[in-house]
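An overview of the molecular structure
What follows is each chain in one-letter form.
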Amino acid sequence: MNEAVETVTMWKPAGGSHGTFSPAAAAAAVTCLLVTGTLVVTVGHPSSGDPAEPPAAAAASGKAFSAYFRTLTRERRAIPGPPRRSAAPGPVERLSPDDLFIAVKTTGRYHRQRLELLLDTWISRNMQQTFVFTDGEDEKLRKRMGAHLINTHCSAAHNRQALSCKMALEYDTFINSGRKWFCHVDDDNYVNVGPLLKLLSQYSHTQDVYLGRPSLERPIEATESLGTSQMKQVRFWFATGGAGFCLSHGLALKMKPWASDGAFMATAEHIRLPDDCTVGYIAEALLGVSLIRSALFHSHLENLGLVSDIHKQVTLSYGTVENSRNTVNLKGPFSINEDPTRFRSVHCLLYPDAARCPSPRPL
């Protein structure tokens with residue numbers, strides 16, 4: 001990793017321009033996108049207007065995703081994880097919820113299907129720490145969230161440019177907030193703020209901290225253009241946005257040359273990678289800050305039925321694999337039909353006194 005750091009730190013975005021990217025570099029670029037609950041890894045010639053996946057390829061990617069769970073354990077045994085720093089045995093600093101900036105990325109078509117569920121559950125207790133970044137105005141949500149609903153005016157598409165556009169606004173809004181920790185999650189995540197604060201308190205917000213969970217078991221590889229004819233292969237770990245990740249204020253400030261005032265989009269275009277991968281590229285490849293892996297973050301790309309000690313987890317998720325529901329295995333006050341994501345049951349487990357939770361039956 002040190003060799004990559006020495007060779008790639010020469011590049012910085014100039015004037016927010018996207019720069020040049022040769023066909024040879026594009027051929028070697030690896031693009032990972034979360035598309036409708038499927039991990040898609042493509043190797044080829046990504047372009048600024050990625051074509052829609054043909055039906056045959058879509059079927060193949062569905063089979064590849066179903067194989068993901070089968071290979072995950074096998075790869076974990078064979079591939080060492082990214083470098084990790086041991087957390088201090090006790091709190092390094094005491095944190096309060098007001099020290100957090102939690103960014104939730106969503107899109108207009110999921111306002112009712114996903115976002116309202118979050119507002120009924122974990123966001124209801126953490127509105128002052130949570131900011132929702134979407135791509136269109138919504139009067140109903142605006143009345144409910146006020147200034148914490150942020151219309152990015154980005155495209156509603158699920159492609160590299162649209163995702164990076166939202167992440168750029170998340171980053172800038174966090175920097176302007178002056179808060180200690182930036183945490184990004186998706187609209188299919190449940191955030192357990194208590195364990196999140198406990199985890200973050202083990203590190204100093206003034207130090208360089210990049211915390212999350214990879215979805216891949218190998219570092220991602222990308223080709224970076226150092227000039228008109230120079231190319232460099234870079235390898236780095238990144239924390240998947242589908243499980244959530246956090247950045248300290250100290251690290252976020254060092255990311256400014258590649259992330260602030262629209263530079264994040266230029267950086268994403270430079271390496272032809274989506275938003276969460278680009279964060280890893282800036283942190284690991286450019287700044288030399290290793291990802292600290294935490295098993296307390298969870299995405300729909302893992303077997304959520306194996307997750308235990310729900311009250312200790314930082315994030316949870318849900319999804320569907322070949323028409324099979326992928327959720328945490330939890331008995332609660334709601335049936336599967338009433339609560340298919342199990343988020344309402346999780347919320348009532350953590351907060352039995354919550355307004356939408358049934359009252360305990362008398363003994």
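Let us look at the structure shown here. Keep in mind it's a predicted model, so treat the numbers as computed, not measured.

In terms of helices and strands, the chain carries twelve helices and 15 strands. Residues classed as buried in the chain amount to 56% of the 363 residues present. If you sum the accessible surface of the chain, you get close to 16,500 Å²; carbon and sulfur atoms cover 53% of it.

Our next topic: helix 11 (residues 275–286). Between the first and last C-alpha of helix 11 there are 15 Å, a value that for twelve residues agrees with the 16 Å anticipated at 1.5 Å per step. Counting buried residues along helix 11, twelve of its twelve residues qualify, which places the element largely inside the surrounding structure. Within the sequence span of helix 11, burial applies to Asp275, Asp276, Cys277, Thr278, Val279, Gly280, Tyr281, Ile282, Ala283, Glu284, Ala285 and Leu286. Remark: Gly288 follows helix 11 within two positions and exhibits a positive phi of approximately 70°.

For the rest of this paragraph, the subject is the pattern of salt bridges. Using the criterion set out here, one finds 19 salt bridges in the structure. For the salt bridge of Lys166 with Asp135, the shortest nitrogen-to-oxygen distance reads 2.8 Å. One end of the pair, Lys166, is in helix 6 (residues 160–177); the other, Asp135, is in the loop between strand 4 (130–134) and helix 5 (139–145), with 31 residues separating them in the sequence. Grouping residues by exposure puts Lys166 and Asp135 together as buried. Taken together, the salt bridges that share partners define one network made up of Arg112, Glu116, Asp138 and Lys140.

The next subject is the side chain of Glu284. Here Glu284 shows up in helix 11. On the basis of relative accessibility, which here comes to 1%, the residue Glu284 falls in the buried class. Side-chain polar atoms of Glu284 contact the backbone nitrogen of Trp237, separated by 3.1 Å. Within the structure, Glu284 has its side chain in polar contact with the backbone nitrogen of Leu291 (distance 2.7 Å).

A word on the packing of helix 10 (residues 263–271) against helix 11. Packing of helix 10 against helix 11 brings their axes to within 10 Å, and their N-to-C directions diverge by 90°. Here helix 11 runs roughly perpendicular to helix 10, going by the angle between their axes. Along the contact surface, helix 10 presents Phe264, Thr267, Ala268, His270 and Ile271, while helix 11 presents Asp275, Thr278, Val279, Tyr281 and Ile282. Counted by class, the contact of helix 10 with helix 11 contains six nonpolar, three polar and one charged residues.

With 48 residues, the main nonpolar core has Trp122, Leu196 and Leu200 as its most contacted residues. Of all the secondary structure elements, the ones that give two or more residues to this core are strand 3 (100–105), helix 4 (111–120), helix 5, strand 6 (181–186), strand 7 (190–191), helix 7 (193–200) and helix 12 (343–350). Broken down by element, the residue count for this core peaks at five residues, all from helix 7. With residues near it in sequence (within four places) discarded, Trp122 still touches Ile102, Val104, Thr130, Val185, Asn189, Tyr190, Val191 and His347. Residues Ala239, Trp258, Val279 and Ala283 belong to the second largest nonpolar core, which totals 39 residues.

It is worth spelling out the state of the cysteines at this point. If you walk through the whole model with that rule in mind, you get three disulfides. Put simply, Cys183 and Cys246 are joined by a disulfide, and their sulfur atoms are 2.1 Å apart. Its S-S torsion of about 110° marks the bond between Cys183 and Cys246 as right-handed, since a negative value means left-handed. With a gap of 63 residues between them, Cys183 in strand 6 and Cys246 in strand 11 (residues 245–248) connect regions that are remote in the sequence. What pairs with Cys348 in a disulfide is Cys357, and their sulfur atoms sit 2.0 Å apart. Note on the Cys348 and Cys357 pair: the S-S dihedral is about -100°, so by sign convention the disulfide is left-handed. Here Cys348 falls in the buried class, since its relative accessible area comes to 11%. Numbered by position along the chain, the disulfide-linked cysteines of the chain connect as 1-2, 3-4, 5-6.

With that settled, consider the packing of helix 4 against helix 12. Relative orientation of the contacting elements helix 4 and helix 12 amounts to 10°, with a least axis distance of 10 Å. The angle between helix 4 and helix 12 falls in the class roughly parallel. Every residue of helix 12 that contacts helix 4 at Leu117, Leu118 and Asp120 is listed here: Phe343, Arg344 and His347.

Here the focus is the sheet that holds strand 6. As summarised here, the arrangement of the seven strands in space is 5-4-3-6-11-8-12, forming an open sheet in which the pairing is mixed. At either end of the open sheet lies a strand with only one pairing partner, and these are strand 5 (149–151) and strand 12 (292–293). Looking at chain direction, strand 3 and strand 6 are connected through six bridges and run parallel. What sits directly across from Val104, in strand 6, is Val185. In the packing of helix 6 onto the sheet, the strands contacted are strand 3, strand 4, strand 5, strand 6 and strand 11, and the crossing angle to strand 3 comes to about 165°. Set on the sheet, helix 11 makes contact with strand 3, strand 8 (210–212) and strand 11; between it and strand 8 the angle comes to about 140°.

Conventions we followed
- Residues numbered from 1 in each chain as written.
- Predicted model: local features only at pLDDT ≥ 70, side-chain atom pairs only at ≥ 80, totals over all residues.
- Heavy atoms only, no water.
- Helix = DSSP H or I, 4+ residues; strand = E, 2+ residues; numbered from the N terminus.
- Buried < 20%, exposed > 50% of the residue type's maximum accessible area, 1.4 Å probe, protein only.
- Areas by Shrake-Rupley, 256 points an atom, 1.4 Å probe, with all protein chains shown as cover.
- Expected span 1.5 Å × (residues − 1).
- Salt bridge = Lys/Arg side-chain N within 4 Å of Asp/Glu carboxyl O.
- Polar contact = N/O pair within 3.5 Å; in protein donor to acceptor, adjacent residues only side chain to side chain.
- Axes fitted to C-alpha atoms, helices over the stretch in contact; angles between N-to-C directions.
- Parallel < 35°, antiparallel > 145°, perpendicular 65-115°, else oblique.
- Contact = heavy atoms within 4.5 Å.
- Nonpolar A, V, L, I, M, F, W, Y, C, P; charged D, E, K, R; others polar.
- Core = buried A, V, L, I, M, F, W, Y, C linked by side-chain atoms within 4.5 Å.
- Disulfide = S-S within 2.5 Å.
- Pairing = 2+ DSSP bridges.

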